[in-house]
Amino acid sequence: MSAAVGSERPQVVLHVQQALSYTMFDCKWVPRSARLLCLGSAARGTGIAQLYELHGARLELLREIEKPKPIKCGTFGATSLQQRYLATGDFAGNLNIWNLEAPEIPVYSVKGHKEIINSIDGVGGLGIGEGAPEIVTGSRDGTVKVWDPRQKDTPVANMEPVEGESKRDCWTVAFGNAYNQEERVVCAGYDNGDIKLFDLKSMSLRWETNIKNGVCSVEFDRKDINMNKLVATSLEGKFHVFDMRTQHPTKGFASVSEKAQKSTIWQVRHLPQNRDIFMTSGGSGSLHLWKYEYPAQRSKKDSEGSEMGVAGSVSLLQNVTLSTQPISSLDWSPDKKGLCVCGAFDQTVRVLIVTKLNKI
Amino acid sequence: MPVWLREHSWRQSLAAVYLSLPLRGARATPANIFCGEQYLKVSIPPFLFEAILYAPIDDTNSTAKIGNGSIFFTLYKKEPAMWDSLTLANADKEKLQYLRENAVLKAQEKAKEETEAKKITKQEHKKYALEATMKLEEAERKRIEDLKEKERQKVAKELELWKNQQKDADKYKSIQKRGELHQEIEPIKERKKEKMNKTGISNEGISKTRLKSTKGCHGSCSMFSQNLKEEQLPAPRSAATIKVNFTPRVFPTALRESRVAEEEEWLHKQAEARRIINSDLSELEDLKEEEKNPDWLKDKGNKMFAMGNYLGAVNAYNLAVRLNNKLPLLYLNRAACHLKLRNLHKAIEDSSKALELLTPPVPDNENARVKAHVRRGTAFCQLELYTEGLQDYEAALKISPKNENIEKDAEKIRHLIQGTMQSS
């Protein structure tokens, strides 16, 4: 912990720490509740989902669900607030949507990919945004597929490599720009450093770039607004913040990059209550809290008169080291500002509270 | 020989003896005075005053005052009694000696004890200081800890509160749901019928699921309102595929898979090779600028080879090699010329040199290496060294297994070898 408590910087307080008996890959808050979900893989090769509830200074296990294949990632993004169904991607490439009250049979199931689903995101649910609920999955087989829970077996969009092209693993996916019923955009990051932005309304590739190192995590600051900022984190401790409001015909989007930690930055997550604050989690077991500051002018004209974006700057608000192992998953609670859960490869789940976020 | 001081004068009271000793102009310092329990000495070379006292005195409390050319002693008696005289009368030499030594010893002991005592007090002072600082630091730390604890508790309380709110909200929602369920079953059924007529869905069999998904009238928290939204949701997107290309790299391997070290080495070598110009310019002065450029010469050579002018091509390559002997392609092409000219040994030499320069083996110089192996193999075969030829062909096949010509030629050579072996 750095800095005296008396100062005005946000502090990261470790509230609860719980040891698990399995490797946890993803953790998510159940919306509108004080419950959280831990998804992972048991030593015997089966998938585990555990539902915990915060009780004072400890986590109480409410329910444990075991499935045949280890679970890699999950999201609540595409479900309604009443149903709160969990969509998961597992190691065998299956996409399943579960009702946590009756988890024996999935509500929706499809063998979406040939290899492990590395990342999943949902949009259109939880009362956020407009348009159809959709789920996007990115897999090691190089494809990114968008699913609609109302349509069985076939994806509504499929981003796959050209025939004959050697495939690159897709490591992360994110939805964005879902500000009305038609518009939607999917951003995918690959292991060779490619970041591709697909526009689902026109079903085309809208922008691509390469940041040299494999992209571990991408996230828009808000899914349900006209796309504003995109943060992409990569291996070797670098992350890039792209200003997505102005697209230059050749140069693409303006960006600022920061080299924060010596190790891989595994995850980036924006604070749901303030879109300019985000937290990155690193391979050295540390968490960094950042704030983005906008430049005086967000766009300017270049020599040929076309609009070009101007990237702002990023400043570190706080950092804390919680573990010796990488912190692979991170999630902010959408209901309580500053409450977050993180899971590390040392088989512990930690609930943290970040204070003084109101004063930023 | 010391000079004795004898003009001392003294008087006494019950408790103390007052001794005045005039110094004959000598300056006295505290170091010159030595006082034991029963022995007093003042030694200011060459002057000396010595006295064995009548009775023991308390030497720690006694004082000596130096001033006005004399020393004034105030000696406190150990036992209050009147002394007959200042000194012991019948002091023989031995006793004197003994007393002197004793006094000295005692003084030494005292000095030792004093230093000991000082040390101890010093240590204690240090310890005390240390403890005091530690206490202060502890206090500071505790203060910070307390602040943190308070913060934590505050935050935990807020969390509890919020959580309870959530629970209550949930309960309220579920109660409301049930309430509305009861309330609205009747009007819903009617509405449903209406709706069904409107949309023309006649199948009542699906009523069970439909019951759940019919329109709710009001109540933002009820489960029907969600389905309100569902009605308004757009249909699922029409399926489409987007094809992607991935960024090509100079070496098509990801950073973590690549054999970067070797590839770097190869690139480096190429760059180096291009920079070398080893030549003695004296001979080449009459050449034109462009003729000094190995690349240009190589091109010239290639053109001549294509036109069938093999000797000319060889000349061009020779000059290029003289200018820069690190470019593998020059040797490669020259080997091809020699093959055509049936200078088989030279062809072999050149192919070998080319292969040497084409290390380290990377995907980039695959083509060149295949060619070098094939040319050398052909030369060997034409020299009827079929086994060596076959070796080269197999090496070429290893690099590019899909090349049919090489396959065919390798087969031919194998047959030839078997044929010669049978016949011999």
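Residues numbered from 1 in each chain as written. Chains lettered and ligands numbered in written order. Predicted model: local features only at pLDDT ≥ 70, side-chain atom pairs only at ≥ 80, totals over all residues. Heavy atoms only, no water.

With an unreviewed UniProt entry as reference, chain B is termed Dynein axonemal assembly factor 4, source organism Grantiella picta.

The criterion, for reference: UniProt positions are given in the numbering used here, feature names are shortened, and annotations may be inferred rather than shown by experiment.
If you look chain A up in an unreviewed UniProt entry, it shows as Dynein axonemal assembly factor 10 from Grantiella picta. Within the UniProt record for chain A, the comment given under Subcellular location (unreviewed entry) is "Dynein axonemal particle".

### Let's talk about helix 7 (residues 310-323) of chain B
Here is the rule we go by: Here a strand is any run of E in DSSP of at least two residues, a helix any run of H or I of at least four, and the numbering for each starts at the N terminus. Here the expected length of a helix is defined as 1.5 Å per residue gap, with one fewer gap than residues. Using a 1.4 Å probe on the protein chains alone, a residue whose accessible area is under 20% of its type maximum counts as buried, one over 50% counts as exposed, and one in between counts as partly exposed.
For helix 7 of chain B, spanning 14 residues, the distance from its first C-alpha to its last is 20 Å, which sits close to the expected 20 Å at 1.5 Å a residue. For helix 7 of chain B, the set of buried residues is G312, A313, V314, A316, Y317, L319, A320, V321 and L323 of chain B.

### A look at the UniProt feature "repeat: TPR" (unreviewed entry) in chain B
Under the UniProt annotation, the feature "repeat: TPR" (unreviewed entry) is placed at residues 370-403 of chain B. Helix makes up 79% of residues 370-403 of chain B and strand 0%, whereas the separation of the span's terminal C-alpha atoms amounts to 10 Å.

### Let's talk about the UniProt feature "repeat: WD" (unreviewed entry) in chain A
Per the UniProt record, "repeat: WD" (unreviewed entry) is annotated on residues 135-148 of chain A. As annotated, residues 135-148 of chain A has a helix share of 0% and a strand share of 64%, and its two end C-alpha atoms lie 6 Å apart.

### Things to note about the packing of aromatic side chains
For any two aromatic rings, the description comes down to two numbers: the centre-to-centre distance and the angle of the planes. Residue and element names in this part refer to chain A. Applicable threshold: Pairing of aromatic rings covers Phe, Tyr and the six-membered ring of Trp, with a centre-to-centre limit of 6.5 Å; geometry is then stacked below 30 degrees between planes, edge-to-face above 60, and tilted otherwise.
Across all of its chains, the model carries twelve aromatic pairs over all chains by this definition. Each ring, one from F25 and one from F91, has its centre 5.4 Å from the other, and the planes form 50°; the classification is tilted. You can see F25 sitting in strand 2 (residues 23-29) and its partner F91 sitting in the loop between strand 7 (86-90) and strand 8 (94-98), a full 66 residues away along the chain. Residue classification places F25 among the buried positions, given a relative accessible area of 19%. Overall, F91 belongs to the partly exposed group, its relative accessible area being 33%. Each ring, one from Y292 and one from Y294, has its centre 5.1 Å from the other, and the planes form 85°; the classification is edge-to-face.

### Description of the sheet that holds strand 27 (residues 313-321) of chain A
Residue and element names in this part refer to chain A. The line we're drawing: Two strands are counted as paired when DSSP detects at least two bridges linking them. Orientation is described by lines fitted to C-alpha atoms, with helices fitted over the stretch in contact, and by angles between N-to-C directions that extend from 0 to 180 degrees.
Read from one edge to the other, the open sheet built from four strands follows the order 22-23-24-27, with strand pairing classed as antiparallel. The sheet is open, and its two edges are formed by strand 22 (265-271) and strand 27, each paired on a single side. On average, each strand axis in the sheet is inclined to that of its neighbour by 25°, with strand direction left out of account. Relative to strand 27, strand 24 (residues 286-293) runs antiparallel, the two sharing eight bridges. Within strand 27, the position partnered with L287 by the bridge is V320.

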